[in-house]
Amino acid sequence: MDTAVMVCGHGSRDGDAIVEFEQVAAGIRTRLPTAEVATGYLEFARPTIRDGLEQLKALGARRILAVPGMLFAASHVKNDLPWEINSFGADNPAIEVRFGRELAIEPKLLRAAAERIAEAERHASAPIPRADTLLLVVGRGTNDPDANSNIAKLARMLWEGMGFGWAEAAFSGVAQPMVEPALRRALRLGFGRMVVFPYFLFTGVLVKRIYAAADHVAADHPEIEILKAPYLSNHPLVIDCFAERVGEAADGEPAMNCRLCKYRAPMIGYETDAGAPQAAHHHHVSGIGTDADRAHGHHHHHSNGHARGAHDHWPRPSNKAAG
């Protein structure tokens, strides 16, 4: 086997999230029938990233195209995944490992998002026009302002592209505003309907928390219809994007936008992060399993023990993917 594909997930305590991630991986296998496709996770779930890479090595892969199964480039894509890839690459110099870029915001994903929002509107109880509807786009929330700013951009593009009367951005954690305060503040604007759209690939603890917040506010305000739009999941356009990222890693030089990266330049309020050492931060939860695993008494912990910084071997001359 010449070239293999490694789809790198974040991982989740929620077993449903892992099932959905594997469904997306199955879709990628369908699009790339000649390549072996493995999956691995940074934290909680098994196999770990290292386990997946070792699996492809055992199958005889001479080149591995590793793509992040994540929407935006925050610390996981900028630091943790390159560390995992570099550590494996340093230990296996005979194998060429290339790292693709995150999915980001691109036309296919915007169309997929619009279709998910339209799906929610079709289940509305009253014919309220979009001009009288407020859209709340919810991101995961990170401590990286560059990653968070993507949600504001996405909200604006969906607002204008779909003709909503207003749009707001919110986050499931870490960044402000959180979903419930954002919805309660948005109520003051007087729109007859609000649509909550989680810009997430998969379900999990955070998506379920977003929907619960929407239900909580809706229960207090029955006069306002609050619709819960589905997240992206294994939408065919999402699978298309993953296949494109694999192709970029194979044939080109996928470049992450690093101009606003807090690890590269002193950004307002994050000046001390510029030049920070890049290292993995997930060994305490790498491979420990989902809640379902622990409920069945499985308590495995995997750590490969490396302590190599991402820039010791990254980026390689042939690949400028890392941030």
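Scroll up for the structure.
Predicted model only: the values in this text are computed from it and were never measured. (Residues numbered from 1 in each chain as written. Predicted model: local features only at pLDDT ≥ 70, side-chain atom pairs only at ≥ 80, totals over all residues. Heavy atoms only, no water.)

## Some remarks on the overall build of the protein
Argument step 1. When its secondary structure is counted, the protein shows nine helices and eight strands.
Argument step 2. Across the 323 residues in the protein, those meeting the buried criterion constitute 54%.
Argument step 3. Long-range pairs, those at least 24 residues apart, make up 79% of the contacts in the protein between residues at least 6 apart in sequence.
Argument step 4. Summed over its atoms, the accessible surface of the protein is roughly 13,600 Å², and 54% of this surface lies on carbon and sulfur atoms. (Helix = DSSP H or I, 4+ residues; strand = E, 2+ residues; numbered from the N terminus. Buried < 20%, exposed > 50% of the residue type's maximum accessible area, 1.4 Å probe, protein only. Contact = heavy atoms within 4.5 Å. Areas by Shrake-Rupley, 256 points an atom, 1.4 Å probe, with all protein chains shown as cover.)

## A word on the nonpolar core
Argument step 1. The biggest cluster of nonpolar side chains holds 52 residues, and the ones touching the most others in it are Ile117, Leu135, Val137, Leu158, Phe197, Tyr199 and Leu232.
Argument step 2. The greatest single-element share of this core, amounting to eight residues, is contributed by helix 8 (residues 236-251).
Argument step 3. Setting aside residues no more than four positions away along its own chain, Leu158 makes contact with Leu110, Ala113, Ala114, Ile117, Leu135, Val137, Gly163, Phe164 and Phe197.
Argument step 4. Of all hydrophobic cores here, the second largest spans 22 residues; its members include Ala186, Phe191, Tyr211 and Ala214. (Core = buried A, V, L, I, M, F, W, Y, C linked by side-chain atoms within 4.5 Å.)

## Some remarks on the pairing of strand 5 (residues 133-139)
Argument step 1. With seven of seven residues buried, strand 5 is to be regarded as a mostly interior element.
Argument step 2. Neither face of strand 5 is left uncovered, since the one carrying Thr133, Leu135, Val137 and Gly139 and the one carrying Leu134, Leu136 and Val138 both have all their residues buried.
Argument step 3. Examined bridge by bridge, strand 5 and strand 6 (residues 166-171) share six bridges and lie parallel to one another. Counted as the bridge partner of Val137 is Ala169 from strand 6.
Argument step 4. Handedness of the β-α-β unit built from strand 5, helix 5 (residues 145-162) and strand 6 comes out right-handed. (Pairing = 2+ DSSP bridges. Right-handed = clockwise from strand over helix to strand, strands pointing away.)

## Some thoughts on helix 8
Argument step 1. Taking 1.5 Å per residue, 16 residues should reach 22 Å; helix 8 reaches 23 Å between its end C-alpha atoms and fits that length.
Argument step 2. If you check which residues of helix 8 are buried, you get Leu237, Val238, Ile239, Cys241, Phe242, Arg245, Val246, Ala249 and Ala250.
Argument step 3. Of the surrounding elements, those touching the buried residues of helix 8 are strand 1 (3-9), helix 1 (15-31), strand 3 (63-68), strand 4 (96-99) and helix 4 (107-122). (Expected span 1.5 Å × (residues − 1).)

## Observations concerning the sheet that holds strand 1
Argument step 1. Strand order in the open sheet formed by four strands is 2-1-3-4, with parallel pairing between adjacent strands. Among the strands making up the open sheet, the edge pair consists of strand 2 (36-41) and strand 4. When the angles between neighbouring strand axes are averaged without regard to direction, this sheet yields 25 degrees.
Argument step 2. Here strand 3 runs beside strand 4; their pairing, made up of four bridges, is parallel. (Axes fitted to C-alpha atoms, helices over the stretch in contact; angles between N-to-C directions.)

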